[in-house]
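Structural description and commentary
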Amino acid sequence: MTLERQTAIELYTTMLTIRRFEERVATEFYAGRLFGFIHSYIGEEAIATGVCRHLTDADRIVSHHRGHGHCIAKGADMNRMMAEIYGKKTGYCKGKGGSMHIADFSIGMLGADGIVGAGLPIATGAAMAAQLENKGNVAAVFFGDGACQEGEFHEALNLAAIWKLPLLFVCENNHYGVNTPADYSLAAGEITRMPEAYHIASRVVYGNDVEAVHEAAGEAVAALRRGEGPYFLECTTYRWHKHFLSDQLEDLRPPEELESWKKKCPVAAFEAALLERGVLSRADLDRIEEGVLAQVEEAYRFAIESPDPEPEDALEDVYSL
Amino acid sequence: MREITYDQAIMEAIQEEFRRDPRTVHLSTDLDAELTREFGSDRIRVTPIAENSFVGASIGLAGSGYRTVANIRMATFGFVAMDQLMNHAAKITYMFGGQASFPVLYRMTVGAGICGAAEHSVSPYSMYMNVPGLKIILPTTPYDAKGLVKTALRDKNPVVAFEHVGLGCLEGEVPEDEYFIPFGRADIKREGTDVTVVALAKMVHEATTAAEEVAKEGISVEVVDPRTLVPLDGETILTSVKKTGRLVVVDEACQTCGAAAEIVALVTADKAAFSGLKCAPNRVCGLDVPIPFSPPMERYAVPDRAKIVEAVRDVMAGA
């Protein structure tokens, strides 16, 4: 399969943007300038990138605690994202949500949700809305192997199946819930046996291969738009950081396992493929890198130069007026 | 004026709003034949028995521009949906900085008196009061039920309607013309000068009959029905207590940390109302036990007219 050059550039740029954004966030966190729970998406960039490339602003997604990548891939403004992570008044949620709860309803990003598995039922509602609107729009929900252990996962599969909802389930299987291996926690073994039990079409792809994710998601989204009911895409991957950025939290995963996955870096792999095929030159890549770094720097500047919220701003937005 | 039941009044409110706004949907585990006939099975969806997920779906629908009526049936089933109700529905507007509105009406029945035992007879509204982001209505008459549900279906926020199981068949006057009852406006169900009785849900009716009984002894009771717990009309309650100088709060929910405690605190924390009190406020609440099945025990566990009469006499004697 060969990607069009423009598509390849966009996929590469999005992946690199997520990577450089997350690297900057981690640097700022470990320098003591950020606080709270920040779940890094580094290592998993190909999934959000490959899926969201097929979605428009009219297609809605629901994300989870590790949500920065989904936001960027869906087209969110990095300045407002970074400002939110910094707890600033100019952030997407005016500093009320933080890293775990970034949303942009204007681009169909219905929010990152901090309770494992809870985004799945919410996404069934977004998919039902798309079905009622009947314009061929779809919804997608991102979740991990950990969410597959929750009852809400099964309820959402069942609901999507009986109502034939245009909902793409994107399972980012990074093999661990914090430090607990999915091998231990999931009696079903292969995750796709669960959607199969609900008569939902499914496929497993190597989630560090953006081209594979892009192709599989493309077929799935096209089927959803034709009204063929829900689809389940399991993307196998690995996270590079601990469950969340932390000096205290232990990482109990085998170090050699992490090292082996780092060698399968989704960004480096795609970069090598593009160079080898002559789609992009080293100079092209450098130019993209420069542009991405400038955007990340701008987001950082915007965030640190933005005002903090006033303490009494805490009283606003409890209710919509 | 025509009379219809409490349940019919709520149904009318839903039908009127569903006719007006095509972006409304209904989710429930049971088929509602009347709604389905008029609005079709696309908008009136029967859900699997999965309260947490259809409550979650209502949030996704809201975030996508649809208003949902989610009928959870009994408040005990609401506990099954606590993740979506408490972690998401209540907080999502705030957590996302007010970017989007989440208009949903969650309906559930509360109350004892049906021999339903512990898992079908709860009145957990104070638990919901403790979670900012939800509005809570507690209609007690067909008139209030229709007007409050109409308002709920125009509100931009998640609203929880707690409907007492003992009131569904209650008949009362309901105008044919459209009307709305604003949230946060208590209703004085009976005027009086000696004792303020703030009563919740079905206890409004018990309090009214108790007021009639003590009237024969020359005690004049004012019965205040808050009608909505969030927002709560503290002003009307305080005005009434400042007039009477005596307060009894009646609620069939368990006493500990209940809405009655909040209402007593509201009054005693108000300097003017507190200094005007002629005796300590009194609560007549459900006992702190799960609701038992057998009728003699069930009746014993919740307040009734006799217990309210006794409490009113007590605060009069305490003067």
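Residues numbered from 1 in each chain as written. Chains lettered and ligands numbered in written order. Predicted model: local features only at pLDDT ≥ 70, side-chain atom pairs only at ≥ 80, totals over all residues.

1. Focus on the overall build of chain A
Cut-off, in case you're wondering: Helix and strand definitions here come from DSSP, where helices need a minimum of 4 consecutive H or I residues and strands a minimum of 2 consecutive E residues; each element is numbered from the N-terminal end. Within these notes, the globule rule equals 2.2 Å times the number of residues to the 0.38 power, and the radius of gyration is based on C-alpha atoms. Counting other C-beta atoms within 10 Å of each residue's C-beta, where C-beta atoms are placed from the backbone, gives the exposure class: buried for 20 or more, exposed for 12 or fewer, partly exposed between.
Across its full length, chain A holds 12 helices and eight strands. Here the C-alpha radius of gyration of chain A, 19 Å, is about what a compact globule of 321 residues would show, namely 20 Å. C-alpha atoms of chain A, sized along the principal axes, occupy 55 × 50 × 40 Å. In chain A, which comprises 321 residues, the proportion classed as buried is 52%.

2. Notes on the overall build of chain B
Stated formally: C-beta atoms are first placed from the backbone for all residues, and any pair lying within 7 Å is then listed as a contact.
Counting its regular elements, chain B contains 14 helices and 14 strands. Taking 20 Å as the expected radius of gyration for a compact globule of 319 residues, we find that chain B reaches 20 Å, a close match to that expectation. In terms of principal-axis extent, the alpha carbons of chain B reach across some 60 × 40 × 40 Å. Pairs at least 24 residues apart make up 77% of the contacts formed inside chain B by residues separated by at least 6 positions.

3. Examining the pairing of strand β1 (residues 60-64) of chain A
All names here are of chain A. Spelled out, the test is: Two strands qualify as a pair provided that DSSP identifies no fewer than 2 bridges between them.
A large share of β1 lies buried, amounting to five of its five residues. The alternating pattern of β1 places Arg60, Val62 and His64 on one face and Ile61 and Ser63 on the opposite face, and all of these are buried. Bridge analysis of β1 against strand β3 (residues 139-144) gives three bridges, and the strand direction is parallel. Across the sheet, the residue bridging to Ile61 is Ala140, located in β3. When β1 meets strand β2 (residues 109-113), the two strands line up parallel, connected through three bridges. Its bridge partner lying in β2, His64 is registered against Asp113.

4. Quick notes on the sheet that holds strand β7 (residues 201-206) of chain A
Residue and element names in this part refer to chain A. Worth spelling out the cut-off: Interaxial angles span 0 to 180 degrees and are taken between N-to-C directions of axes, which are lines fitted to C-alpha atoms, for helices over the stretch in contact.
If you trace the six strands from one edge of the open sheet to the other, you get β2-β1-β3-β4-β8-β7, paired in parallel fashion. Whereas interior strands pair on both sides, the edge strands pair on one side only; in this sheet they are β2 and β7. Within this sheet the neighbouring strands show an average axis-to-axis angle of 15 degrees, counted without direction. This element, helix α5 (residues 119-133), spans β1, β2, β3 and β4 (167-173) of the sheet and lies at about 170 degrees to β3.

5. Considerations on the interface of chain B and chain A
Our working definition: Note on residue classes: Ala, Val, Leu, Ile, Met, Phe, Trp, Tyr, Cys and Pro are nonpolar, Asp, Glu, Lys and Arg are charged, and everything else, Gly too, is polar.
At the interface, 32 residues of chain B touch 34 residues of chain A. When the residues that make up the side of chain B that touches chain A are grouped by side-chain class, the tally is 11 nonpolar, 18 polar and three charged.

6. With respect to the nonpolar core
For clarity, the cut-off: The term nonpolar core means buried Ala, Val, Leu, Ile, Met, Phe, Trp, Tyr and Cys residues held together as one set by C-beta atoms within 7 Å.
Formed by 190 residues in total, the largest nonpolar core has its most connected members in Val141, Leu168, Val170 and Leu233 of chain A together with Val197 and Val312 of chain B. Beyond its immediate stretch of four places on either side in the chain, Val197 of chain B contacts Ala207, Ala211, Val221, Glu222, Val223, Val248, Val250, Ile308 and Val312 of chain B.

7. Quick look at the packing of helix α1 (residues 5-30) of chain A against helix α12 (residues 282-305) of chain A
Residues and elements named next belong to chain A. Let me state the cut-off plainly: Reported orientations rely on four angle classes, namely roughly parallel under 35 degrees, roughly antiparallel over 145, roughly perpendicular from 65 to 115, and oblique for the rest. Take the far helix as your reference; a near helix turned counterclockwise from it by less than a right angle gives a left-handed crossing, and one turned clockwise gives a right-handed crossing.
Close contact between α1 and α12 brings their axes to 9 Å; oriented N to C, the two are set at 40 degrees. Between α1 and α12, the angle falls in the class oblique. Once α1 is placed against α12, the crossing between them reads as right-handed. Within the contact between the two elements, α1 uses Tyr12, Thr13, Leu16, Thr17, Arg20, Phe21 and Arg24 and α12 uses Ile288, Glu289, Val292, Leu293, Gln295, Val296 and Tyr300.

8. Some thoughts on the environment of His241 of chain A
All names here are of chain A. Considering the arrangement of structural elements, one finds His241 in the loop between β8 (231-236) and α10 (255-262). Residues His241 and Ile18, spaced 223 residues apart in sequence, show a C-alpha to C-alpha distance of 14 Å. Setting aside chain neighbours within four positions, we find His241 in contact with Ala26, Ser40 and Ile42.

9. A few points about the sheet that holds strand β11 (residues 221-225) of chain B
Residue and element names in this part refer to chain B. Spatial strand order, β9-β11-β10-β13-β14: five strands in an open sheet with mixed pairing. Either end of the sheet is taken by a strand with one partner, and the two such strands are β9 (187-190) and β14 (282-286). For this sheet, the mean inter-axis angle between neighbouring strands, taken without regard to orientation, is 25 degrees. Two strands pair when backbone bridges link them, and β9 and β11 are joined in this way by three bridges, in the antiparallel orientation. Counted as the bridge partner of Asp187 is Asp225 from β11. With respect to the sheet, helix α9 (residues 203-215) is in contact with β9, β10 (195-199), β11 and β13 (247-254), its orientation differing from that of β11 by roughly 170 degrees.

10. So, α1 of chain A
Basically, it comes down to this: Every helix has an expected span of 1.5 Å times one less than the residues it contains.
In this model α1 of chain A runs 37 Å from its N-terminal to its C-terminal C-alpha over 26 residues, within 8% of the 38 Å that 1.5 Å per residue would give. Backbone geometry just downstream of α1 of chain A places Gly32 of chain A in the positive-phi region, at approximately 85 degrees.

11. Some remarks on the pairing of strand β4 (residues 67-74) of chain B
Successive side chains on a regular strand alternate, one facing one side of the sheet and the next facing the other. Residue and element names in this part refer to chain B. Among the eight residues in β4, six count as buried, and that is most of the element. Here strand β2 (residues 24-28) runs beside β4; their pairing, made up of five bridges, is parallel. Pairing of Ser28 across the sheet is with Asn71, part of β4. Judged from the six bridges that link them, β4 and strand β5 (residues 104-110) form a sheet pairing that is parallel. Following the sheet pairing, Arg73 is matched in β5 by Met108.

12. What to know about the confidence of the model for chain B
Selection rule: You can read pLDDT as the predictor saying how much it trusts each residue, on a scale of 0 to 100.
Within chain B, residue pLDDT values average 97, and 100% of them lie at 70 or more. Here the prediction assigns the complex a pTM of 0.97, and the interface score ipTM is 0.95.

13. Here we look at the packing of helix α6 (residues 151-162) of chain A against helix α3 (residues 51-63) of chain B
Interhelical geometry of α6 of chain A versus α3 of chain B gives an angle of 70 degrees and a closest axis separation of 9 Å. The orientation of α6 of chain A relative to α3 of chain B falls into the category roughly perpendicular. At the point where α6 of chain A passes α3 of chain B, the crossing takes the right-handed sense. Taking contact as the criterion, the partners of Glu152, Glu155, Ala156 and Leu159 of chain A in α6 of chain A are, on α3 of chain B, Asn52, Ser53, Gly56 and Ala57 of chain B. Its residues assigned to classes, the contact of α6 of chain A with α3 of chain B shows three nonpolar, three polar and two charged.

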